[in-house]
Structures are given as structure tokens and as C-alpha cells.
Amino acid sequence: MNSPPDVLQSKFDELSRVYGYGSSSKVRVLEKQGKSAAAYSIIGRRTSMEDRFVVEENVLGKNIAYFAVFDGHGGEFAADYARDHLLKNLETKIEEWSSNGTAEKTTRVSSFFNGYRSQIPIIDESEPDYRKILNDAILSTDKDLMTAQIDQEPERWSGFKSGSTALVALIVGSRLFVANVGDSRGVMCDFEGRTVPLSFDHKPNLASERARIIANGGDVSYVHGAWRVNGHLALSRALGDGPDEKRLGVLIADPDILTFELGRHRPRFLVLATDGLWDVLSNEDVVAFLTPRRLREEYFGAKSLAYYAYLRGSEDNITVVVVDLRSKQWASSVKCGNGDCGPSSRSPTSSGRGSTRGGGKKSTPRNSIKK
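Residues numbered from 1 in each chain as written. Predicted model: local features only at pLDDT ≥ 70, side-chain atom pairs only at ≥ 80, totals over all residues. Heavy atoms only, no water.

Draft legend 1. Geometry of unusual backbone geometry. Its identity as a non-glycine residue notwithstanding, H224 has a phi of 50°, on the positive side. Topologically, H224 is positioned in the loop between β12 (220–223) and β13 (226–229). (Helix = DSSP H or I, 4+ residues; strand = E, 2+ residues; numbered from the N terminus.)

Draft legend 2. Expanded view of the nonpolar core. The biggest cluster of nonpolar side chains holds 32 residues, and the ones touching the most others in it are Y66, F70, L90, Y130, L134 and L170. Element by element, the count of residues in this core is highest for helix α2 (residues 77–100), at nine residues. Filtering out sequence-adjacent residues up to four positions away, L90 remains in contact with Y66, I133, L134, A137 and L170. In this structure, Y40, W278, F289 and Y299 belong to the second largest nonpolar core, which totals 30 residues. (Core = buried A, V, L, I, M, F, W, Y, C linked by side-chain atoms within 4.5 Å. Buried < 20%, exposed > 50% of the residue type's maximum accessible area, 1.4 Å probe, protein only. Contact = heavy atoms within 4.5 Å.)

Draft legend 3. The arrangement of the environment of G44 in detail. Position of G44 among the secondary structure elements: in the loop between β2 (37–42) and β3 (51–56). Taking the C-alpha atoms as reference points, G44 and I318, 274 residues apart in sequence, are found 6.5 Å from one another.

Draft legend 4. Region of the structure containing the pairing of strand β4 (residues 64–73). Across the ten residues that make up β4, a large majority, ten, are buried. Along β4, one buried face is formed by I64, Y66, A68, F70 and G72 and the opposite face, lined by A65, F67, V69, D71 and H73, is buried too. Pairing of β3 with β4 involves six bridges; the strand directions are antiparallel. Note on β4: the bridge partner recorded for E56 is Y66. Bridging between β4 and strand β8 (residues 166–172) involves six bridges; their strand directions are antiparallel. Each residue of the ladder has a partner; that of Y66, found in β8, is L170. Bridging between β4 and strand β7 (residues 163–164) involves two bridges; their strand directions are antiparallel. Within β7, the position partnered with H73 by the bridge is G163. (Pairing = 2+ DSSP bridges.)

Encoded structure:
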């Protein structure tokens, strides 16, 4: 980030021309501009585009916004399926909860998470349990995806199938729920410009993930520049993938879900991105890059950020979702015993011990060694 803004902009403009749709039949750019959020996705140095995203600022006509990124591997099927079905499953479960009136008040306890001392909030018992809804929607999508792949290609049942990460941000009133499966990642810039991680990568070499994998008969080894499950998959949780690993619990789709009280953080913006961004930029790099000037750009700076990662040498597809929250007024929707509602909910299995940087560049083509 040492180049002057005008020099960077000229490089971005050049890359925009290079990555325009042109005459190629291959999808090279995916994009969406919303009222307060946008997404931009480029194929980068890959030969195929396997990233997908969703930007939905009005879910079911309620005060709910849904943002998601999916990083596919082993083909596009899983990422396409997650993009097309996860939100539908989520909407169905929200409506079921509302119609059944089954919300239950949960006992909350104090917790310490990533340096924040927080009292887990007590939410109005009449409201849906969005953490449970998110969890159930993701697991049911994974189950349906596995079935859909078997139906589509039964001859590949004994082999490995398409898989995908899933990173979902759900804003409900003044609360933010972030569910993560895999190594896509989210960050928040709070009102003081500080970087707040929204998720933590599921990597096979993390102590808790490695212990689960080995206990269930899997193997973790360093292959082609990355720690991999059974020698091929460079993440420990995913939607889809091999039925044998899923059945044994070597690979799981269980999300880690974090909850944030936005009235406390008063965020300027959120960023969700696939690991094509995080391979070359840290959480802090991304927050620093999105200056007020960048946020005024088309796509709220998501386009510039994607091309900047490409210029930094990213070898993967790059997808960036930026949610601009500077104009929002947050009313507290929860009561906290000590008045300090920070990140709350079940902490990730990784306990946040991973670096905020995404690991080294991947040189192995995704169609030979997955993810």
C-alpha cells in the first residue's frame, strides 16, 4: 500500500479492462451494487471461477440483512448450491420459528473472548434464536448438498465431490450474527477505526481441529505448501466434499457462530471475503485500505480491494463484500449485566489462536489439490 492513490487507481482501471466480460465464455467478474453493501469478485490467476456471494439487504420484509461468501473447490457445484439454497433454508426456518412461537429464553453466562470482557446478552425471549436458526440452516444445506451431488453424479459417490466454505453475516436490528465454515473470513472496523475479527479460519493444523480429525481416523500432513486433511483438503470444515470424511466426522460443516452488539461497536463497515484476499492481506491491512475515500467509490471499495489483492500477488479467485454502516444509528437490542456487550456466543473451536493473516500463497491448481 505504498503506491499513491492515483497510481493504484490507474492500475485498477487497467485490470478492470482486462477482467471485463469481453468475448470469453468464462465468467471472469461477478458484481453487485446495493444501497449500503456491494460485492465484487474476480477470477484472478485461476483458470476457473469458483467463488460465489449473496448480498440481500431485505430478508422477508423484516429488519434483517444477509451477506455471504462461498469459496468453492473441486468444481462450482457446491458454491452454486450454497448460494442458491442457504438463504432459502434460513428464511424457511425464520418463518417456522415465528409461526410456531418456540423461542426459548437461554441462560447466559459471562465470557472472555479475544481480549474482550463481555456479558453474553439476554435477548427478548419472544424473538427467534438466530444462532440456532443459522446453525440449523447451514447443516441442513450441507445435508441437502451431499444428497444433490449423489443424485447428480452417482458414479462419483466413492470419490471426492465439490465443496465450499460458507461465511454468513446476518444483521438483525442492532445485532450481528456471523457464522463461519472454512477459511473465508470477516472483519469489522469499529467507530474508532479498530479492527475487530468476525471469524477465525478452520485450518487442519489448529490443535482442536487436528485432534478431532485424528480422533476420527483422519490424517493431517503438510503437502504442497499447506496443512491438509488426508493429503488434499487445506481446511478442516466445509460444505459438501467427501461423504466418507463427513460420515466419520473427519470433515464437518458445523459453523462457529459469533454475536456482536452493534450499538457497542458502532461499526463503520464490515468486510467478508474469500481467502484470495486474506492470502496476501491481513485483517488490519484491509481495514486500513478502506479509507472514507475508498468507501465513496463504486462498490464501496470492494472492487479496488479485490484488484489490490491481485496486484499483491494473490493466486486465487478473489471475492470481497463490503457493508457500509457509517450512516446507521444503532439502538441497543439487548441488556447486559455489566453494560459491556462485546463479541458474544460460542467461541470458535480454534479459540481464535490463529494469526489474522491468511497463510502463504497457494501454488497448486485447485483442480488437482482441492482448496
